[in-house]
Amino acid sequence: MAKDHGPQIKDDTLYEDLRKDGASKEKAARIANAKAEGSLDHKGTRLEDRTKEELYDEAKEIGIEGRSDMTKGELIDAIRPH
């Protein structure tokens, strides 16, 4: 069982795992607390981190016209306001 690190750490087990993996106390606390709050998205929300195919699929869902002729940068620019 994970040690109780006090009220400032919301997920003690994850915090300890991150520390064992070499994360600083600050970084481990931020990640553990974000995960506990549900605000940590592992899928990668930054558009720049997605593949062109993933961007194309999202543009298709949104209904962006001309997406098949767009570059990755153009897809990002078209998706961002939505």
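Residues numbered from 1 in each chain as written. Predicted model: local features only at pLDDT ≥ 70, side-chain atom pairs only at ≥ 80, totals over all residues. Heavy atoms only, no water.

**With respect to the environment of Ile62**
By secondary structure assignment, the location of Ile62 is in helix H3 (residues 52–62). If we skip the residues at most four places from it in the chain, Ile62 touches Ile79 and His82. (Helix = DSSP H or I, 4+ residues; strand = E, 2+ residues; numbered from the N terminus. Contact = heavy atoms within 4.5 Å.)

**Regarding the confidence of the model for the protein**
The predicted model of the protein has a mean per-residue pLDDT of 86, with 90% of residues at 70 or higher. Helix H4 (residues 72–79) holds the highest mean pLDDT among the elements of the protein, 94, whereas helix H2 (residues 25–37) holds the lowest, 86. (pLDDT = per-residue confidence, 0-100.)

**Remarks on the nonpolar core**
In this structure, Leu47, Leu55, Ala59, Ile64, Met70, Leu75, Ile76, Ala78 and Ile79 together form the largest nonpolar core, which totals nine residues. Within the residue set of this core, elements represented by two or more residues are H3 and H4. The dominant element in this core, judged by the number of residues it contributes, is H4, at four residues. For Met70, the residues in contact, after removing those within four places along its chain, are Lys52, Ile64, Glu65, Leu75 and Ala78. Grouped together as the second largest cluster of nonpolar side chains are eight residues, Leu14, Tyr15, Ala29 and Ala32 included. (Core = buried A, V, L, I, M, F, W, Y, C linked by side-chain atoms within 4.5 Å. Buried < 20%, exposed > 50% of the residue type's maximum accessible area, 1.4 Å probe, protein only.)

**Thoughts on the packing of H3 against H4**
Their axes nearest at 10 Å, the elements H3 and H4 cross at an angle of 35°. Crossing of H3 against H4: the hand is left-handed. Between H3 and H4, the residues in contact are Lys52, Leu55, Tyr56, Glu58, Ala59 and Ile62 and Lys72, Leu75, Ile76 and Ile79, respectively. (Axes fitted to C-alpha atoms, helices over the stretch in contact; angles between N-to-C directions. Left-handed = near helix turned anticlockwise from the far one by under 90°.)

**Points about the environment of Glu65**
Inspection of the secondary structure puts Glu65 in the loop between H3 and H4. For Glu65, a relative accessible area of 71% corresponds to the exposed category. Taking the C-alpha atoms as reference points, Glu65 and Ala78, separated by 13 residues in sequence, lie 9.5 Å from one another.

**Some details on the side chain of Asp12**
For Asp12, the position within the fold is in helix H1 (residues 12–20). At 8.8 Å, Lys3 is the nearest oppositely charged side chain to Asp12, a buried residue that forms no salt bridge. (Lys, Arg positive; Asp, Glu negative; His and termini not counted. Salt bridge = Lys/Arg side-chain N within 4 Å of Asp/Glu carboxyl O.)

**Thoughts on the pattern of salt bridges**
Taken as a whole and judged by the stated rule, the model has five salt bridges. Note that Glu48 and Arg46 form a salt bridge whose closest N and O atoms lie 3.9 Å from each other. The class of Glu48 is partly exposed, set by a relative accessible area of 35%. Within the structure, one salt-bridge network assembled from shared partners comprises Arg46, Glu48, Asp49 and Arg80.

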